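Structural description and commentary
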Amino acid sequence: MSMQSNLDTLYRQVIMDHYKNPRNRGELDENDALTINMNNPSCGDRIQLHLQVENDQVVEAKFTGEGCSISLSSASMMTDTVKGKSIKEALEISGIFSEMVQGKEYDDEKYDLGDIEALQGVTKFPARIKCATLAWKAMEKGLDE
(Lines give C-alpha, C1' and ligand atoms only; values in the text may rest on other atoms or scores of the structure.)
Protein backbone atom coordinates (compact mmCIF):
# COMPACT_ATOMS: atom_id res chain seq x y z
CA MET A 1 0.00 0.00 0.00
CA SER A 2 1.33 3.43 -0.89
CA MET A 3 1.92 6.20 1.63
CA GLN A 4 -0.86 8.29 0.00
CA SER A 5 -3.28 5.37 0.15
CA ASN A 6 -2.56 4.92 3.88
CA LEU A 7 -3.10 8.63 4.43
CA ASP A 8 -6.40 8.61 2.50
CA THR A 9 -7.60 5.67 4.60
CA LEU A 10 -6.62 7.42 7.84
CA TYR A 11 -8.35 10.62 6.72
CA ARG A 12 -11.54 8.71 5.82
CA GLN A 13 -11.50 7.12 9.28
CA VAL A 14 -11.11 10.52 10.97
CA ILE A 15 -13.99 11.98 8.92
CA MET A 16 -16.26 9.02 9.68
CA ASP A 17 -15.37 9.18 13.38
CA HIS A 18 -16.45 12.84 13.55
CA TYR A 19 -19.59 12.01 11.54
CA LYS A 20 -20.64 9.04 13.70
CA ASN A 21 -19.45 10.57 17.00
CA PRO A 22 -19.86 14.32 16.51
CA ARG A 23 -18.15 16.57 19.01
CA ASN A 24 -20.14 19.53 20.34
CA ARG A 25 -23.49 18.46 18.91
CA GLY A 26 -26.30 20.31 20.64
CA GLU A 27 -27.53 23.81 21.39
CA LEU A 28 -26.59 26.64 23.69
CA ASP A 29 -28.97 28.91 25.59
CA GLU A 30 -30.08 31.61 23.16
CA ASN A 31 -29.54 34.28 25.83
CA ASP A 32 -25.84 33.41 26.01
CA ALA A 33 -25.06 32.58 22.39
CA LEU A 34 -25.16 33.71 18.80
CA THR A 35 -27.18 31.40 16.57
CA ILE A 36 -26.37 31.25 12.87
CA ASN A 37 -28.42 29.23 10.39
CA MET A 38 -26.92 28.32 7.04
CA ASN A 39 -27.72 25.81 4.35
CA ASN A 40 -26.29 24.49 1.13
CA PRO A 41 -29.29 24.25 -1.21
CA SER A 42 -27.30 22.33 -3.83
CA CYS A 43 -27.07 19.24 -1.62
CA GLY A 44 -29.45 19.85 1.29
CA ASP A 45 -26.91 20.35 4.09
CA ARG A 46 -28.31 22.50 6.90
CA ILE A 47 -26.50 23.71 9.98
CA GLN A 48 -27.41 25.73 13.00
CA LEU A 49 -24.30 26.96 14.75
CA HIS A 50 -24.30 28.25 18.32
CA LEU A 51 -21.37 30.36 19.48
CA GLN A 52 -20.80 31.80 22.93
CA VAL A 53 -18.34 34.68 22.70
CA GLU A 54 -16.98 36.55 25.70
CA ASN A 55 -14.18 39.13 25.73
CA ASP A 56 -13.32 38.48 22.06
CA GLN A 57 -12.94 34.76 22.70
CA VAL A 58 -15.02 31.78 21.54
CA VAL A 59 -15.91 30.22 24.88
CA GLU A 60 -18.28 27.55 23.57
CA ALA A 61 -19.39 26.25 20.18
CA LYS A 62 -22.13 23.74 19.37
CA PHE A 63 -24.07 22.76 16.27
CA THR A 64 -27.18 20.98 15.11
CA GLY A 65 -28.27 20.16 11.61
CA GLU A 66 -28.34 17.52 8.97
CA GLY A 67 -26.26 16.75 5.96
CA CYS A 68 -23.60 14.59 4.44
CA SER A 69 -20.64 13.10 6.29
CA ILE A 70 -18.31 15.85 5.00
CA SER A 71 -20.58 18.67 6.18
CA LEU A 72 -21.28 17.28 9.66
CA SER A 73 -17.76 16.04 10.36
CA SER A 74 -16.43 19.45 9.32
CA ALA A 75 -18.85 21.11 11.78
CA SER A 76 -17.64 18.77 14.51
CA MET A 77 -13.99 19.53 13.75
CA MET A 78 -14.59 23.28 13.47
CA THR A 79 -16.41 23.58 16.81
CA ASP A 80 -13.64 21.57 18.47
CA THR A 81 -10.98 23.79 16.93
CA VAL A 82 -12.38 27.25 17.65
CA LYS A 83 -13.31 26.72 21.29
CA GLY A 84 -10.91 28.70 23.44
CA LYS A 85 -9.56 30.69 20.50
CA SER A 86 -9.77 34.44 20.10
CA ILE A 87 -12.07 35.72 17.36
CA LYS A 88 -8.97 36.73 15.38
CA GLU A 89 -7.45 33.24 15.68
CA ALA A 90 -10.74 31.51 14.79
CA LEU A 91 -11.07 33.65 11.65
CA GLU A 92 -7.42 33.05 10.70
CA ILE A 93 -7.85 29.28 11.03
CA SER A 94 -11.02 29.52 8.93
CA GLY A 95 -9.02 31.29 6.22
CA ILE A 96 -6.33 28.61 6.33
CA PHE A 97 -9.02 25.89 6.13
CA SER A 98 -10.63 27.58 3.14
CA GLU A 99 -7.29 27.73 1.31
CA MET A 100 -6.56 24.09 2.17
CA VAL A 101 -9.83 22.68 0.79
CA GLN A 102 -9.42 24.73 -2.38
CA GLY A 103 -6.00 23.16 -2.93
CA LYS A 104 -4.11 26.42 -2.36
CA GLU A 105 -0.89 26.78 -0.40
CA TYR A 106 -1.58 27.49 3.25
CA ASP A 107 0.45 28.22 6.37
CA ASP A 108 0.35 24.96 8.35
CA GLU A 109 3.10 26.17 10.69
CA LYS A 110 1.01 28.84 12.43
CA TYR A 111 -1.67 26.51 13.82
CA ASP A 112 -1.90 22.79 14.41
CA LEU A 113 -4.89 21.85 12.26
CA GLY A 114 -5.20 18.40 13.81
CA ASP A 115 -8.19 16.44 12.51
CA ILE A 116 -9.10 19.26 10.12
CA GLU A 117 -6.32 18.10 7.80
CA ALA A 118 -8.45 15.03 7.08
CA LEU A 119 -10.67 17.27 4.94
CA GLN A 120 -7.76 18.13 2.62
CA GLY A 121 -8.92 15.48 0.16
CA VAL A 122 -12.10 17.47 -0.55
CA THR A 123 -9.95 19.42 -3.04
CA LYS A 124 -10.34 16.49 -5.44
CA PHE A 125 -14.15 16.85 -5.35
CA PRO A 126 -15.02 20.51 -6.09
CA ALA A 127 -18.75 19.93 -5.52
CA ARG A 128 -17.98 18.90 -1.91
CA ILE A 129 -16.03 22.06 -1.00
CA LYS A 130 -19.30 23.82 -0.11
CA CYS A 131 -20.19 20.89 2.16
CA ALA A 132 -16.85 21.15 3.96
CA THR A 133 -16.96 24.93 4.36
CA LEU A 134 -20.61 25.37 5.41
CA ALA A 135 -19.99 25.36 9.18
CA TRP A 136 -16.90 27.55 8.74
CA LYS A 137 -18.89 30.13 6.74
CA ALA A 138 -21.52 30.11 9.51
CA MET A 139 -18.81 30.73 12.10
CA GLU A 140 -17.32 33.59 10.06
CA LYS A 141 -20.77 35.15 9.64
CA GLY A 142 -21.43 34.91 13.37
CA LEU A 143 -18.09 36.34 14.42
CA ASP A 144 -18.32 39.18 11.91
CA GLU A 145 -21.59 40.38 13.43
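Residues numbered from 1 in each chain as written. Predicted model: local features only at pLDDT ≥ 70, side-chain atom pairs only at ≥ 80, totals over all residues. Heavy atoms only, no water.

Things to note about the packing of aromatic side chains
Using the criterion set out here, one finds one aromatic pair in the structure. Taking the centre distance of 4.4 Å and the plane angle of 15 degrees together, the rings of phenylalanine 97 and tryptophan 136 count as stacked. Here the residue phenylalanine 97 occupies a position in helix 3 (residues 87–101), and tryptophan 136 occupies one in helix 4 (residues 129–144), the gap between them amounting to 39 residues. (Phe/Tyr/Trp six-rings, centres within 6.5 Å; stacked < 30°, edge-to-face > 60°. Helix = DSSP H or I, 4+ residues; strand = E, 2+ residues; numbered from the N terminus.)

What to know about the pattern of salt bridges
Taken as a whole, this structure holds six salt bridges when the rule is applied. Across the pair arginine 23 and aspartate 17 runs a salt bridge, and its minimum N-O distance is 2.6 Å. Exposure remark for arginine 23: the relative accessible area of 25% places this residue in the partly exposed category. (Salt bridge = Lys/Arg side-chain N within 4 Å of Asp/Glu carboxyl O. Buried < 20%, exposed > 50% of the residue type's maximum accessible area, 1.4 Å probe, protein only.)

What to know about the pairing of strand 2 (residues 45–54)
Examined bridge by bridge, strand 1 (residues 34–40) and strand 2 share seven bridges and lie antiparallel to one another. Counterpart to leucine 34 in the pairing with strand 2 is leucine 51. The loop that links strand 1 with its antiparallel partner strand 2 comprises four residues; one of these, glycine 44, has a positive phi angle of about 90 degrees. Examined bridge by bridge, strand 2 and strand 3 (residues 57–66) share nine bridges and lie antiparallel to one another. Bridging from a neighbouring strand, isoleucine 47 pairs with glycine 65 of strand 3. (Pairing = 2+ DSSP bridges.)

Some remarks on the packing of helix 3 against helix 4
Relative to each other, helix 3 and helix 4 sit at 160 degrees, their axes nearing to 10 Å. As summarised for this structure, helix 3 and helix 4 are arranged roughly antiparallel, according to the angle between their axes. For the pair helix 3 and helix 4, the crossing hand works out as left-handed. Residues Ile87, Ala90, Leu91, Ile93, Ser94, Gly95, Phe97, Ser98 and Val101 of helix 3 pack against Ile129, Ala132, Thr133, Trp136, Lys137, Met139, Glu140, Leu143 and Asp144 of helix 4. (Axes fitted to C-alpha atoms, helices over the stretch in contact; angles between N-to-C directions. Parallel < 35°, antiparallel > 145°, perpendicular 65-115°, else oblique. Left-handed = near helix turned anticlockwise from the far one by under 90°. Contact = heavy atoms within 4.5 Å.)

Quick word on a negative patch on the surface
On the surface, Glu27, Asp29, Glu30, Asp32 and Glu54 cluster together to form a negatively charged patch. If you trace the backbone, aspartate 29 turns up in the loop between helix 1 (3–20) and strand 1. (Patch = residues over 30% accessible without salt bridge, like charges linked within 9 Å, V, L, I, M, F, W, Y side chains within 5 Å. Areas by Shrake-Rupley, 256 points an atom, 1.4 Å probe, with all protein chains shown as cover. Lys, Arg positive; Asp, Glu negative; His and termini not counted. Charge placed at Lys NZ, Arg CZ, Asp CG, Glu CD.)

Here's the deal with the environment of alanine 138
Structurally, the position occupied by alanine 138 is in helix 4. When its relative accessible area of 0% is taken as the criterion, alanine 138 is described as buried. C-alpha of alanine 138 to C-alpha of valine 82: the two residues are 56 residues apart in sequence and 13 Å apart in space. Other than its neighbours up to four places away in sequence, alanine 138 contacts Ile36, Met38, Ile47 and Leu49.

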